[in-house]
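Observations on chain architecture
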Amino acid sequence: MATQPILQRLIPDLGDGVAHDVANTQPASRQDITNSTSSQKQTSNLSFILNKPYDVEFAERPVPKLSNAHQVLVAINYTGICGSDVHYWEHGRIGHFVVKDPMVLGHESAGTIVEVGSAVKSLKPGDRVALEPGYPCQQCTNCLAGRYNLCPDMVFAATPPFDGTLTGFWVAPFNFCYKLPCNVSTQEGALIEPLAVAVHIVKQAQVTPGSSVVIMGAGPVGLLCAAVAKSFGATKIISVDIVQSKLDFARELAATHTYVSQRISPEENAKALLEHCNLEEGADVVIDASGAEPSIQTSLHAVKIGGTYVQGGMGKADITFPIMAMCQKEVTARGSFRYGPGDYKLAIELVANGSVDVGKLVSGVADFEQAEDAFKKVKEGQVIKMLIAGPNEPPQGGAKLVLSEEDITTGTSTTGGCC
Ligand SMILES: [Zn+2]
Ligand SMILES: [Zn+2]
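Right, let's walk through the structure included here. This is a predicted model, so every value here is computed, not measured.

What counts and how
- The residue count restarts for each chain, going from 1 along the sequence in the order it is written.
- As a convention, the first chain written is A and the first ligand written is 1, with the rest following in written order.
- The predicted nature of this model means local features are confined to residues of pLDDT at least 70 and side-chain atom pairs, given and counted, to a pLDDT of 80 or more, with totals for whole chains, interfaces and linings taken over all residues.
- In short, DSSP must find at least two bridges between two strands for them to pair.
- Secondary structure elements are defined from DSSP: runs of H or I of at least 4 residues count as helices, runs of E of at least 2 residues count as strands, and each element is numbered from the N terminus.
- Every crossover in which the path from the first strand over the helix to the second runs clockwise, viewed with the strands pointing away from the viewer, is termed right-handed.
- One fewer than the residue count of a helix, multiplied by 1.5 Å, yields its expected span.
- Any residue whose C-beta has 12 or fewer other C-beta atoms within 10 Å is treated as exposed, any with 20 or more as buried, and any in between as partly exposed, C-beta atoms being built from the backbone.
- Axis definition: a line fitted to C-alpha atoms, over the contacting stretch in the case of helices. Angles run 0 to 180 degrees between N-to-C directions.
- To count as a nonpolar core, a set of buried Ala, Val, Leu, Ile, Met, Phe, Trp, Tyr and Cys residues must be joined through C-beta atoms within 7 Å.
- Domain delimitation in this document rests on an assignment produced automatically or drawn from a domain database.
- By definition, residue pairs are in contact when their C-beta atoms, positioned from the backbone, come within 7 Å.
- Should an angle fall under 35 degrees it is called roughly parallel, over 145 degrees roughly antiparallel, and 65 to 115 degrees roughly perpendicular, with every other angle called oblique.
- Should the near helix be turned anticlockwise from the far one by less than a right angle, the crossing is termed left-handed; should it be turned clockwise, right-handed.

So, about the pairing of strand β15 (residues 257–260). Sheet topology note: the strand β14 (residues 236–241)/β15 ladder contains four bridges and is parallel. Paired with I238 across the bridge in β15 is H257. With respect to chirality, the unit in which β14 leads through helix α9 (residues 244–253) into the neighbouring parallel β15 is right-handed.

Time to look at helix α7 (residues 192–204). Over its 13 residues, α7 extends 18 Å from the first C-alpha to the last, a length consistent with the 18 Å expected when each residue adds 1.5 Å. Among the 13 residues of α7, 12 are classified as buried, and the element is accordingly described as predominantly covered. Taken residue by residue, α7 has I192, E193, P194, L195, A196, V197, A198, V199, H200, I201, V202 and Q204 as its buried positions.

The sheet built from three strands is open, its strands ordered β2-β1-β6 with antiparallel pairing. Each having just a single partner strand, β2 (55–60) and β6 (103–104) make up the two edges of the open sheet. Alignment of strand β1 (residues 46–52) against β6, held across two bridges, turns out to be antiparallel. Note that in β6 the partner of I49 across the bridge is V104.

To continue, consider the sheet that holds strand β17 (residues 303–311). If you trace the six strands from one edge of the open sheet to the other, you get β15-β14-β13-β16-β17-β18, paired in parallel fashion. Two strands lie at the open edges of the sheet, namely β15 and β18 (332–335), each paired on one side alone. Across the sheet, the mean angle from the axis of one strand to that of its neighbour is 15°, orientation sign disregarded. With five bridges joining them, strand β13 (residues 212–216) and β14 adopt parallel strand pairing. Across the sheet, the residue bridging to S212 is K236, located in β14.

Let us now look at the pairing of β18. Along any regular strand the residues' side chains alternate between the sheet's two faces. One ladder, built from four bridges, connects β17 with β18; its direction is parallel. Bridge assignment links T308 to a residue of β18, and that residue is T332. Note on the crossover from β17 through helix α12 (residues 323–328) to β18: the handedness is right-handed.

With that settled, the discussion passes to the nonpolar core. Formed by 109 residues in total, the largest nonpolar core has its most connected members in V74, L195, I215, C225, A226, V228 and I287. Both of domain 1 (3–179 + 357–410) and domain 2 (195–335) provide at least three residues apiece to this core. Leave out the neighbours within four places in its chain, and A226 touches I215, I237, S239, A250, L253, A254 and A255.

Cis geometry marks the peptide bond from P160 to P161; its omega dihedral reads 5°. The residue P161 is located in the loop between β10 (155–156) and β11 (169–173) in this model. Notably, E330 is not glycine yet its phi reads approximately 45°, a positive angle. Positionally, E330 belongs in the loop between α12 and β18. The class for E330 is exposed, based on 9 C-beta atoms found within 10 Å. One non-glycine residue, R338, lies in the positive phi region at around 55°. Here R338 shows up in the loop between β18 and α13 (343–352).

Now for the packing of helix α10 (residues 266–276) against helix α11 (residues 293–302). Each pair of packed helices can be summarised by the angle the axes make with each other and by the distance between the axes. Between α10 and α11, the least distance of the axes is 8 Å, while the angle of their chain directions is 55°. Classified by the angle their axes make, α10 and α11 are oblique. Classified by chirality, the crossing of α11 by α10 is right-handed. Residues P266, E267, N269, A270, L273 and L274 of α10 form the contact with α11, whose participating residues are P294, Q297, T298, H301 and A302.

Now the structure itself:
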């Protein structure tokens, strides 16, 4: 019940228009706000902490303080659960990133500015922002070359040893906080991170108007790649997965064709999927957003001669790779890692102009204290994208579809309402 109170206290001029989606459906009265300003909970910096695999705890951590004039303090409103968060929760590591000390999880967040450093001119308290959760050194050759996502000294939320954003308050450099337009809700703001991942992948794939694009995997990033490819002008978008219901969703979101991957060889799968969508010569672009070995193998057989293949998904570190197909077809193969210059900005614009309906992906919003249950739901594959409300948010609807058909058309439960 307390984000509004704390914001009210810290941002006296915030007013009624505070853009908390759920607050719109369950408004706290002025009386509530006034009363609860005296409660302890209003400055909760309760954090969701991973100690070791399947061992999590909630603990109050000190509210962080600005350490330089270019930083801002953000009250976290919503955080999406990412596959990587779930992977750390299950295994305590991803590759060489090992959780050795307790670590706060979460990195897909949106929040509200509560304090700005003296040098910050472009943001003010009350602004709703999507948080880009990785902070590069801005000194190394990659950073100076504009490829800051490849910075070896990146400080990235919820990547050990750095804490994540499933917490009450977060300090960030101002230029890694992207103000959300009035017609983009704070919940949608929490999906800008995975959408920026998809934007980066589709840029790497150089999708152009008229392209045919096969996307392996219909998890959140694969789905968002389909939507971004469509907005880039792709005319054939084929989503591939082993789960029919995910493909039904892909079709609703952006895919023009879907294909259920069969238990046959990668060559046969590629042939069947290409025949299915009249692309016998192969697809201009194939994106693997699954990380699964058979999908990657199928990708190389599905791409056309001279086509482009991008690896966006992460799975096993080493696999058997059809290198002959890549060589003989002179395939352009690229990796894609997180996001770089312009990706967040474009992701927000694609949501604001209606090209990508990220709200459709939200399967439910859990209260902060239900974070572990929400992780379980993601692991069990029951949901597409689960959001966790910040510890100062009012009670949420839980893990049910929060967007009714009516909500989607009218935008009632998803619009921010800041103007
Ligand atoms: Zn993520
Ligand atoms: Zn760097």
